[in-house]
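Spelled out from the first residue to the last, the chains are:
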Amino acid sequence: MTTTIYVPRDSAALSVGADDVAALLAQHAKAQQLEVRIVRNGSHGMLWLEPLVEVATAQGRIAYGPVTPADLPALFAANFLQGGAHPLRLGKTKEIPYFAQQTRLTFARCGITDPLCTDDYVAHGGLAGLQKALLQKPAEIVAVLVQSGLRGRGGAGFPAGIKWRTVLGAPADQKYIACNADEGDSGTFSDRMLIEGDPYMLLEGMTIAGLAVGATEGYIYLRSEYPDARTVLSEAITRARAKGWLGNNVLGSGKQFEVFLRIGAGSYICGEETAMLESLEGKRGMVRPKPPLPAIAGLFGKPTVINNVMTLAAVPCILAQGGDHYASFGVGRSKGTLPFQLAGNIKHGGLVEVPLGITLRALLYDFGGGTITGRPIRAVQVGGPLGAYLPASKFDLPLDYEAFAAAGFMVGHGGIVVFDDSVDMQAMARYAMEFCAIESCGKCTPCRIGSTRGVEVIDKIARGHRREQNVQLLRDLCDTLANASLCAMGGLTPMPVLSALDYFPEDFTKN
Amino acid sequence: MHPSASNRADASTSIPKDSTSVIDAAIARLGSLKGALLPILHDIHEQLGYVPPAAVARIAQGLNLSQAEVHGVISFYHDFRTSPPGRHVIKLCRAEACQAMGSKHLEAHLTAQLGIGMNDTTADGSVTVEPVYCLGNCALAPSLLIDGKVIGRVTKRRLDQLLDGCRNQGAGA
């Protein structure tokens, strides 16, 4: 009898030796004349347990992890192919509390299936959304999206349905769907995990977007820092074309939609939507002034839907299960689920998809288990390098767009980076300015020059040079950056800087 | 052997790959794409490890752009080198999640071990070290990319092993 074993191909799993584990597993099985089928699945998102090896048994999938090559002889001796007892045995995967307590809508298939297997995709509910969309008029598809309350998951949180409606109403001979897969925020990896673990869902979401607004071409702008995601995605596009999921006759409907993959080149600012358009057009990633909105004049000057991977990947589920189903999750105007990412100094780092409205404390302690160093959590950066540093007194804030904005923070792309009490917040504030200086596109002065001045002023504060005056100068500079920059790069760099100053002032008074 | 870093550029001209044909083939194959410049530069970069200065004029002519436009794009993006890298390229993540797990100590260890700074190549041409801002492996920080492969939970010991691998392979090559 052949036993099916799952060893993830997700790059987080690969980064801690999943390929070696898979290769040795096959060798051991062969040596012992055991028939095994090794499936390279996506990750379930319990990344501290990677490589998480699963064995398909009559009772369901049994997980073992983290598995190193050195563990394999003992695992075979423990008869793990039948789910045998071993210190690394975690029980049934779907019953592991970290996983069981999530609401997986976008990541429903990720980790379960072979990411590139088209049969697997369909067998697990894939294409149901697209099939429904093909039976509807464009305005009806847009209406479902509006009803779902889905907001842009890239960070800005703009209602996706409204954006789609604008593009649908813009007359043009050619329109585009541009998928922003330039996931540059530190502490975020949900786009990468989805692309590596369930790429057809993104392609399906883009195709539905194309049908909804009348676009026949989609471009995915994937960052070059994700080589494994690139491999999976380009293969997925090739296979989807071969299956007729993309192309001139989508699922035999006579409708047309094609997807092209473009790779970024190490620039953070190209995650800003207009800089991304410039980059897709083969230019320097310089931010464009708005208006015109990209929905009116976007890629190659044509009306363009620009959505993040998470936004587009939520679409198939919304079409398949209805806008009201998606909207039944979440709180207030923050509908649906958000795949949060626990990162940095955290014991149980990984992906947690839950309805919006969960508190930071629940994520950090109930899911995350506190720091990996065992020291107290002192600061948490939410929303990437332009997000605020929150002190422990803010951990009970609900993670919804409005509550966070009202407190002066942002949810962003859902990245949560944890620091213990060894962190130097003055150094983190300096880094925020340094990062802005390195990554500024240079188009507007506050960002281009202000970031470098910011580093210098913080260095003066660190040296104890006219400390009070320089702290005031830093606040003034942040005011200029926040109010006079062309885009969110300069506009939001003050957020980490000022939150460090406001909540951790003691770090700015020592030399 | 490469006696010094300054000689590396000369040494690299002995690489058998004909860079002109790589450049021209990239233009011919990808030039008709919409927004072709980045795909062309990536193609050249992947094959040669850098974009040779000679590429600027050829690409400009092939795409009907000015040389200034092509140069402007090459210099804008961190990924594009204009001189050959070492035989191995290590990109160490400097972003926040990795900092929370001690990446600054790793950076100091790495540059001290190699005796070079970031964005530099060792004198023997074995290793180039570059910063990178997030590899999306933030739950298993600190991370680095070595020759296109992501490594997570990097310790000083693991880093030393990787460096030994680079040096040994370099000597055997």
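Predicted model only: the values in this text are computed from it and were never measured. (Residues numbered from 1 in each chain as written. Chains lettered and ligands numbered in written order. Predicted model: local features only at pLDDT ≥ 70, side-chain atom pairs only at ≥ 80, totals over all residues. Heavy atoms only, no water.)

1. A look at the overall build of chain A
Along its length, chain A carries 21 helices and 16 strands. In terms of C-alpha radius of gyration, chain A reaches 23 Å, essentially the compact-globule figure of 24 Å for 511 residues. Reported as C-alpha extents along the three principal axes, the dimensions of chain A are approximately 75 × 60 × 40 Å. When each of the 511 residues of chain A is scored for burial, the buried share is 61%. Within chain A, residue pairs in contact and separated by at least 24 positions form 71% of the contacts whose partners lie at least 6 positions apart. When the accessible surface of chain A is split by element, carbon and sulfur atoms take 53% of a total near 17700 Å². Here chain A contributes 47 positive and 48 negative side-chain charges, whose respective centroids are spaced 3 Å apart. (Helix = DSSP H or I, 4+ residues; strand = E, 2+ residues; numbered from the N terminus. Rg over C-alpha atoms; globule rule 2.2 N^0.38 Å. Buried < 20%, exposed > 50% of the residue type's maximum accessible area, 1.4 Å probe, protein only. Contact = heavy atoms within 4.5 Å. Areas by Shrake-Rupley, 256 points an atom, 1.4 Å probe, with all protein chains shown as cover. Lys, Arg positive; Asp, Glu negative; His and termini not counted. Charge placed at Lys NZ, Arg CZ, Asp CG, Glu CD.)

2. Quick notes on the interface of chain B and chain A
In this assembly, 39 residues from chain B lie in contact with 61 residues from chain A. Here chain B packs against chain A, burying approximately 3700 Å² in sum over the two surfaces, 56% of which is carbon and sulfur. Summed over the three residues of chain B that lose the most area to chain A, namely Lys34, Phe76 and Glu96 of chain B, the buried surface amounts to 19% of that side. The tally of links between chain B and chain A comes to three salt bridges. (Buried area = accessible area lost by both parts, 1.4 Å probe. Salt bridge = Lys/Arg side-chain N within 4 Å of Asp/Glu carboxyl O.)

3. Quick word on the sheet that holds strand S16 (residues 415-420) of chain A
Residues and elements named next belong to chain A. Read from one edge to the other, the open sheet built from five strands follows the order S13-S12-S16-S14-S15, with strand pairing classed as mixed. For this open sheet the edge positions go to strand S13 (350-355) and strand S15 (389-391), each flanked by a neighbour on one side alone. Each strand axis lies, on average, 30° off the axis of its neighbour in the sheet, ignoring direction. Relative to S16, strand S12 (residues 337-344) runs parallel, the two sharing four bridges. Bridged to Gln341 within S16 is Gly415. Sheet strands in contact with helix H15 (residues 360-367) are S12, S13, strand S14 (377-382), S15 and S16, and its direction is about 120° off that of S14. (Pairing = 2+ DSSP bridges. Axes fitted to C-alpha atoms, helices over the stretch in contact; angles between N-to-C directions.)

4. What about the environment of Ala108 of chain B?
Its place among the elements puts Ala108 of chain B in helix H7 (residues 103-114). With 18 residues separating them in the primary sequence, Ala108 of chain B and Ile90 of chain B have C-alpha atoms 14 Å apart.

5. Details of the packing of helix H18 (residues 445-463) of chain A against helix H19 (residues 467-484) of chain A
In a packed pair of helices, the relevant descriptors are the angle between the two axes and the axis-to-axis distance. Residue and element names in this part refer to chain A. It is the contact of H18 with H19, at a shortest axis distance of 9 Å, that shows an interaxial angle of 160°. Relative to H19, H18 is oriented roughly antiparallel. The chirality of how H18 crosses H19 is left-handed. Across the interface between the two elements, Pro446, Cys447, Gly450, Arg453, Gly454, Val457, Ile458, Lys460, Ile461 and Ala462 from H18 touch Arg467, Asn470, Val471, Leu473, Leu474, Leu477, Thr480, Leu481 and Ala484 from H19. Its residues placed into classes, the contact of H18 with H19 shows 12 nonpolar, four polar and three charged. (Parallel < 35°, antiparallel > 145°, perpendicular 65-115°, else oblique. Left-handed = near helix turned anticlockwise from the far one by under 90°. Nonpolar A, V, L, I, M, F, W, Y, C, P; charged D, E, K, R; others polar.)

6. Quick notes on the pairing of strand S6 (residues 176-181) of chain A
Residues and elements named next belong to chain A. Across the six residues of S6, six count as buried, placing the element largely inside the fold. Residues Tyr176, Ala178 and Asn180 line one face of S6 and the alternating positions Ile177, Cys179 and Ala181 line the opposite face, and both faces are buried. As paired strands, S6 and strand S7 (residues 217-222) are joined by six bridges and run parallel to one another. Of the residues in S7, the one forming a bridge with Ala178 is Tyr219. In terms of strand pairing, S6 meets strand S9 (residues 304-308) through five bridges, oriented parallel. If you follow Asn180 over to S9, its bridge partner there is Asn308.

7. Quick word on the sheet that holds strand S8 (residues 258-263) of chain A
Residues and elements named next belong to chain A. An order of S8-S7-S6-S9 is seen for the four strands of this open sheet, with the pairing classed as parallel. Looking at strand neighbours, the two that pair on one side only are S8 and S9, the edges of this open sheet. Averaged over neighbouring strand pairs, the angle between their axes works out to 20° when direction is ignored.

8. Quick word on the confidence of the model for chain B
Confidence along chain B averages 90 in pLDDT terms, with 88% of residues attaining 70 or more. Across the whole predicted complex the pTM is 0.96, and at the interface the ipTM reaches 0.96. (pLDDT = per-residue confidence, 0-100.)

9. Overview of the packing of aromatic side chains
Residues and elements named next belong to chain A. Across all of its chains, the model carries 19 aromatic pairs over all chains by this definition. Ring geometry for Tyr176 against Tyr219: centres 6.0 Å apart, planes inclined by 65°, an arrangement best described as edge-to-face. One end of the pair, Tyr176, is in strand S6; the other, Tyr219, is in strand S7, with 43 residues separating them in the sequence. Just as Tyr176 is buried, Tyr219 falls in that class too. An aromatic cluster is defined as three or more aromatic residues linked by ring pairs; in this entry it consists of Tyr176, Tyr219, Phe260 and Phe300. Directly above the ring of Tyr6 sits Arg61, whose terminal nitrogen or CZ lies 3.5 Å from the centroid. (Phe/Tyr/Trp six-rings, centres within 6.5 Å; stacked < 30°, edge-to-face > 60°. Lys NZ or Arg CZ within 6 Å of the ring centre and 35° of its normal.)

10. Quick notes on helix H5 (residues 67-76) of chain B
Turn by turn, an α-helix covers 3.6 residues, leaving residues three or four places apart pointing in a common direction. The complete set of buried residues in H5 of chain B reads Val70, Gly72, Val73, Ile74 and Phe76 of chain B. At its buried positions, H5 of chain B is contacted by helix H3 (37-48) and helix H4 (54-63) of chain B.

11. Notes on the domain arrangement of chain A
Residue and element names in this part refer to chain A. Considered domain by domain, chain A is made up of domain 1 (3-100), domain 2 (118-327), domain 3 (330-420) and domain 4 (425-508). Every contact between the two is made by nine residues of domain 2 and, on the other side, eight residues of domain 4. Its largest share of buried area at the contact with domain 4, domain 2 owes to Tyr268, Ile269 and Val287, together 61% of the area lost on that side. Where domain 2 meets domain 4, there are zero salt bridges. Linking domain 2 with domain 4 are one residue pair in polar contact (both at pLDDT 80 or more). (Domains from an automatic or database assignment. Polar contact = N/O pair within 3.5 Å; in protein donor to acceptor, adjacent residues only side chain to side chain.)

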